[in-house]
Amino acid sequence: MMKHTPINKYNVMTVLNSDYFDFGKLFVNSFYDNIDLSMVNKLYVYDTGLSPIEKIYLESFPNLEVVSTPLKTKHIALHDAEWCKNVYSKTAFLLQVVEKDELPTVMVDSDCIFIRDFFKLLSPDFDFIVCKRNGKGAFSEYIASFFVIHSIEKSSEFIKDWREKMFLGTESHKESPALSEIVYKGKYNIGELAEEVISHTGTDMSESVKIVHMKSTTELRTVGQRIRQPHLQSYAEKYLTECPLIGAENFLSKKAIAQQLNQEMDKDKSDNSLKKLSPQQRALLLQRLKTN
């Protein structure tokens, strides 16, 4: 069997607009909190309708690049025309990232939370890695919430095939059925990772879960409903903050943060962002300050 050289760095990319920005906060904060950043070259966030302050928030994180696009989408109803523009743009943006840096790249939906590092699961023996759904009766066996490109050489052809099938499809959900068709053809060397590990939608938060997918369902239609599920409450409390856990010094000076975190101050004079931080968040900020 041919041996493959271990991969030292990946890019990671997602697509985000203002209506999904709470998802984006959970995505980015959990990524920098729980992922082995030594494996990451850059996190690309493709802007399909972010506000200026939202872009400032995101760019406070190291090695995160917000990429401007012509799209300015609004989420009104699930699977409406604006939702489709966002979803179906992902593969084109993915190819841009691969061609720009010529590095293996991971595409992850923005409505995800990183619970544990996943890079050790990505075998370089495969040109591409897909997420496999094991549940019976699903509209698609393979889902596009998590997708990995290892082969730079084959990426353009793969994405061309994917997009052609996507736009010819008659399903209301086109992205994942089109991906499944490609897997079934056997044209490419494709590995699989289980949905319950890499795009988990259940309430069981066992050690095997690496990424949680806050997927919409009949009962969970709004962003708020999807975020405020009981088993995800601790993540919402930890990461939905005005002041990022990483890069907070771009919002407040290090001296001001240290002063306010290390001593009792007049509540009327303390910064509003810091008032909202939990003890755990304050500890993370202090740790950040000590390492810079």
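Here is a short report on the structure shown in this document. (Residues numbered from 1 in each chain as written. Predicted model: local features only at pLDDT ≥ 70, side-chain atom pairs only at ≥ 80, totals over all residues. Heavy atoms only, no water.)

Side note on the packing of aromatic side chains
For the record, the criterion: Aromatic pairs are defined between Phe, Tyr and Trp rings, using the six-membered ring for Trp, whenever the two ring centres lie within 6.5 Å; interplanar angles under 30 degrees are classed as stacked, those over 60 as edge-to-face, and all others as tilted. Here a strand is any run of E in DSSP of at least two residues, a helix any run of H or I of at least four, and the numbering for each starts at the N terminus. Exposure is judged per residue with a 1.4 Å probe applied to protein chains only, and the accessible area is read against the type maximum: over 50% gives exposed, under 20% gives buried, and values in between give partly exposed.
For the structure on display, the rule yields 21 aromatic pairs. Ring geometry for Phe 27 versus Phe 114: centroids 4.9 Å apart, planes at 80°, classification edge-to-face. Here Phe 27, found in helix H1 (residues 21–34), pairs with Phe 114, found in strand E5 (residues 112–114); they are 87 residues apart in sequence, far enough to count as distant. For Phe 27, a relative accessible area of 1% corresponds to the buried category.

What to know about the environment of Ser 199
As a reminder, the rule being used: The criterion used for residue contact is that any of the two residues' heavy atoms lie within 4.5 Å. By the criterion applied in these results, polar contacts are pairs of N or O atoms within 3.5 Å in which, for protein atoms, one can donate a hydrogen and the other can accept it, and in which residues neighboring in sequence qualify only through two side-chain atoms.
Summarising the element assignment, Ser 199 is placed in the loop between helix H6 (195–198) and strand E9 (211–213). Linking Ser 199 and Ile 143, residues 56 residues apart in sequence, is a C-alpha distance of 9.1 Å. Aside from chain neighbours lying at most four places away, what touches Ser 199 is Cys 131, Ile 143, Ser 145, Ala 194, Ile 211 and His 213. Of note is the side chain of Ser 199, whose polar atom sits 3.2 Å from the side chain of His 213.

Some thoughts on the environment of Ser 145
Along the chain, the position of Ser 145 falls in strand E7 (residues 142–149). Judged by relative accessible area, Ser 145 falls into the buried class, the value being 4%. Sequence separation of Ser 145 and Glu 175 is 30 residues, and the distance between their C-alpha atoms is 9.6 Å. With residues up to four places along the chain from it excluded, the contact list for Ser 145 reads Met 107, Val 108, Asp 109, Cys 131, Ser 199 and His 213. Looking at Ser 145, its side chain comes within polar contact range of the side chain of Ser 199, at 2.7 Å.

Looking at the pattern of salt bridges
Rules: Just to be clear on terms, a salt bridge is a Lys or Arg side-chain nitrogen sitting within 4 Å of an Asp or Glu carboxyl oxygen.
Scanning all chains against the criterion turns up 16 salt bridges. Here Lys 238 makes a salt bridge to Asp 33, at a shortest N to O gap of 2.7 Å. With a gap of 205 residues between them, Lys 238 in helix H8 (residues 233–239) and Asp 33 in helix H1 connect regions that are remote in the sequence. On the basis of relative accessible area, Lys 238 is assigned to the buried category, the value being 15%. Residues Lys 132 and Glu 141 are paired through a salt bridge, measuring 3.5 Å at the closest nitrogen-oxygen approach. Using a relative accessible area of 29% as the deciding quantity, one classes Glu 141 as partly exposed. Linked through salt bridges whose partners overlap, the residues forming this network are Asp 47, Lys 55 and Lys 72.

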